[in-house]
Amino acid sequence: DVKMGDKGLSGESESIADKYFVCTECLVEGNVQSFVDLFYLTHALDSTSGYGGDEEDTSVSLTSFETLQFLKQKLTEAEVANRHAHHDSVFAAYEEIAKHYQSQHDFKTTVYFLTKALGVAKLAQDSVREAHANEALGLAKEKMGAIRQAIEYYETHRDLLVRHGLEVPGESARHVIRAYKALAADVQRQGDSHSAIIYLEKSLEAAQALNDRAAEGVSLKLLGNAYSMQQQFDKAIECLLMFFHICQETDDKMSEGTACSALASAYEAKGDRPSSIKYLELFYEIALTTGELTAQREACARLGIIFNSASNFQDSVHYFSKAFEISRSLGDQKAVDMGRVNLGIARGSAKKSTYIKLVNTKLDALLAWKNRRTPLEEVS
């Protein structure tokens, strides 16, 4: 144990000596700003410094000598290039340092150097590099969970490219679509459905501008669900129908079933039972095609409930029976128990009129059913 401790202390001492040596080199070479940056990068884990701060450990950070040399080289390159107004070289050096820290998942330091790179691009009036830095900052902020800030950077990146007549790459457009949806989900969890709809509409616009039908469909699905939660069922149905047609266009059967299920719910909530039944039956047919047993059971159970509430007990028994058998095949005991109750109620309701008729008109037949369990259909 003592030897291991001595080894740890020796390694730490070597690291400190390396840092002292490399930092001193910066001063000897006359690169004061490089010394300042390198000193904080290698010594400070202070959450207020702008460097690091993602680590909870406030002990001295051990950095390899190769990493120290890399940082010194890039910081020196940036400082010397800056003296001669070689903005391209300054930007490239800061960007490489940012990429290094991004690979280490130190996004706070990544943001620090990307922000320096962004300042250089603005000073040089280099719109392309300015746009690039904004996108990189958006990705870093998104990794940090700062979605609102990420969106601001993504939007600035997009607007800079559009303003200068440049095409927005598809992957870049997908970044902002993803961020819009993430923020919509976040505010939705906080109970702010109105803001969620605003961000989902933005994600839809971005997907349409990209001409990405799959992304457009997802945004429409989420938007339809958000409108349903707001009880704006006409708008919900409009979005969900567009989602449904995109699924058919792209031959995405799984998503088509999802669309049918959501449409059935929206129509039922609106009071349009025939349309709800139509899409539930289509949902069931699609689930048969895809072999999704859970979806088949959901469709049958929901149809059983609707038909039962409409006093169509024959169809209710039909669909509850299917749901019950599927639950048994899946080995889902909880669903089996629930299905047994639903099916029993539906069968009882289906035979109610026959039973009442026997009570009123055929007491002997009723006794035969009671004593020998003769089927009601036979004794009636």
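This report concerns the structure included in the present document. (Residues numbered from 1 in each chain as written. Predicted model: local features only at pLDDT ≥ 70, side-chain atom pairs only at ≥ 80, totals over all residues. Heavy atoms only, no water.)

**Regarding the layout of surface pockets**
If a probe as big as a water molecule is rolled over the atoms, it shows which places are left empty. To be explicit about the condition: Method remark: on a 1 Å grid restricted to protein atoms, a set of points is classed as a cavity if a 1.4 Å probe fits but cannot get out and as a pocket if it is open with protein on both sides within 12 Å along at least five of seven lines; lining residues have an atom within 4 Å of a point. Grid points are joined across faces, edges and corners, and a volume is the space filled by probe spheres set on the points. For helices the rule is a DSSP run of H or I covering at least 4 residues; for strands it is a run of E covering at least 2, with both sets numbered from the N terminus onward. Three categories are distinguished: nonpolar for Ala, Val, Leu, Ile, Met, Phe, Trp, Tyr, Cys and Pro, charged for Asp, Glu, Lys and Arg, and polar for the others, with Gly belonging to the last.
Size it by volume and the second largest pocket reaches roughly 250 Å³. As for the second largest pocket, its lining consists of R158, V162, E167, V168, A173, V176, Y180, K202, E205, A206, A209 and L210. Those elements that provide at least two residues to the lining of the second largest pocket are α7 (147-163), α8 (170-189) and α9 (193-210). Looking at the lining of the second largest pocket element by element, the count peaks at 5 residues for α9. Here the residues of the lining of the second largest pocket are counted per class, giving 8 nonpolar, no polar and 4 charged.

**Concerning the pattern of salt bridges**
Note the threshold: Salt bridges are defined by distance alone: a side-chain nitrogen of Lys or Arg within 4 Å of a carboxyl oxygen of Asp or Glu. Relative accessibility thresholds used throughout: buried, under 20% of the residue-type maximum; exposed, over 50%; partly exposed, between the two (1.4 Å probe, protein chains only).
Inspection of every chain in the model, using the stated rule, returns 20 salt bridges. In this structure, E77 engages K74 in a salt bridge whose closest nitrogen and oxygen atoms are separated by 3.4 Å. On the criterion of helical spacing, the pair formed by E77 and K74 is a turn pair, its members being 3 residues apart in helix α3 (residues 65-83). E325 is the salt-bridge partner of R328, the closest N and O atoms lying 3.7 Å from each other. On the criterion of helical spacing, the pair formed by R328 and E325 is a turn pair, its members being 3 residues apart in helix α15 (residues 313-330). For R328, a relative accessible area of 51% corresponds to the exposed category. Salt bridges here are not isolated pairs; linked through shared partners, they connect E25, E29 and K72.

**Looking at the packing of helix α2 (residues 32-43) against α3**
The line we're drawing: Only the contacting stretch of a helix is used when fitting its axis, a line to C-alpha atoms as for every element, and angles between N-to-C directions run 0 to 180 degrees. Helix crossings get a hand from a simple test, with the near helix turned counterclockwise from the far one by less than a right angle marking a left-handed crossing and a clockwise turn marking a right-handed one. By the convention used here, residues are in contact when the closest approach between their heavy atoms is within 4.5 Å.
Contact pair α2 / α3: the axes reach a minimum separation of 9 Å and the direction vectors enclose 145 degrees. Along this stretch, α2 crosses α3, giving a crossing that reads as right-handed. Facing α2, whose interface residues are V32, Q33, S34, D37, L38, L41 and T42, α3 presents L68, L71, K72, L75, T76 and E79. Of the residues belonging to the contact of α2 with α3, the class tally is 6 nonpolar, 4 polar and 3 charged.

**Structural notes on the packing of aromatic side chains**
The geometry of an aromatic ring pair is captured by the separation of the ring centres together with the interplanar angle, meaning the angle of the planes. To keep things clear, this is the line we draw: Two aromatic rings, drawn from Phe, Tyr or Trp (for Trp, its six-membered ring), form a pair once their centres lie within 6.5 Å of each other, and the interplanar angle then sorts them: stacked below 30 degrees, edge-to-face above 60, tilted otherwise.
In this structure the tally under the stated criterion is 8 aromatic pairs. For the ring pair Y101 and F113, a centre distance of 6.5 Å and an interplane angle of 5 degrees mean the geometry is stacked. You can see Y101 sitting in helix α4 (residues 87-103) and its partner F113 sitting in helix α5 (residues 107-123), a full 12 residues away along the chain. Using a relative accessible area of 9% as the deciding quantity, one classes Y101 as buried.

**Comments concerning a nonpolar patch on the surface**
What counts here: A patch consists of residues whose relative accessible area exceeds 30% and which take part in no salt bridge; residues with like charges are grouped when within 9 Å of each other, and nonpolar side chains (Val, Leu, Ile, Met, Phe, Trp, Tyr) when within 5 Å. Areas reported here follow the Shrake-Rupley algorithm with a probe of radius 1.4 Å; residue values treat only the protein chains shown as occluding.
Taken together, L27, V32, V36, F39 and Y40 make up a surface patch of nonpolar side chains, about 400 Å² in accessible area. It is α2 that provides the largest number of residues to the nonpolar patch, a total of 4 residues. With respect to the element layout, Y40 can be found in helix α2. Accessibility expressed as a relative area gives 38% for Y40, which makes it partly exposed.

**A look at the nonpolar core**
Stated precisely, the cut-off is as follows: Side-chain atoms within 4.5 Å are what join buried Ala, Val, Leu, Ile, Met, Phe, Trp, Tyr and Cys residues into a set we call a nonpolar core.
Ranked by internal contacts, the top residues of the largest apolar core, which has 53 residues, are L223, L263 and Y279. By residue number, the principal contributor to this core is helix α11 (residues 233-250), which donates 8 residues. Sequence-distant contacts of L263, defined by excluding residues within four places in its chain, comprise I237, L240, L241, F244 and Y279. Of all hydrophobic cores here, the second largest spans 28 residues; its members include I97, A98, V111 and A136.

**Concerning unusual backbone geometry**
Its identity is not glycine, yet H105 carries a phi of approximately 60 degrees, on the positive side. Note on placement: H105 falls in the loop between α4 and α5. Phi at Q125 takes a positive value of approximately 55 degrees, unusual for a residue other than glycine. Take Q125: it is sitting in the loop between α5 and α6 (127-143). By relative accessible area, Q125 is classed as exposed at 70%.

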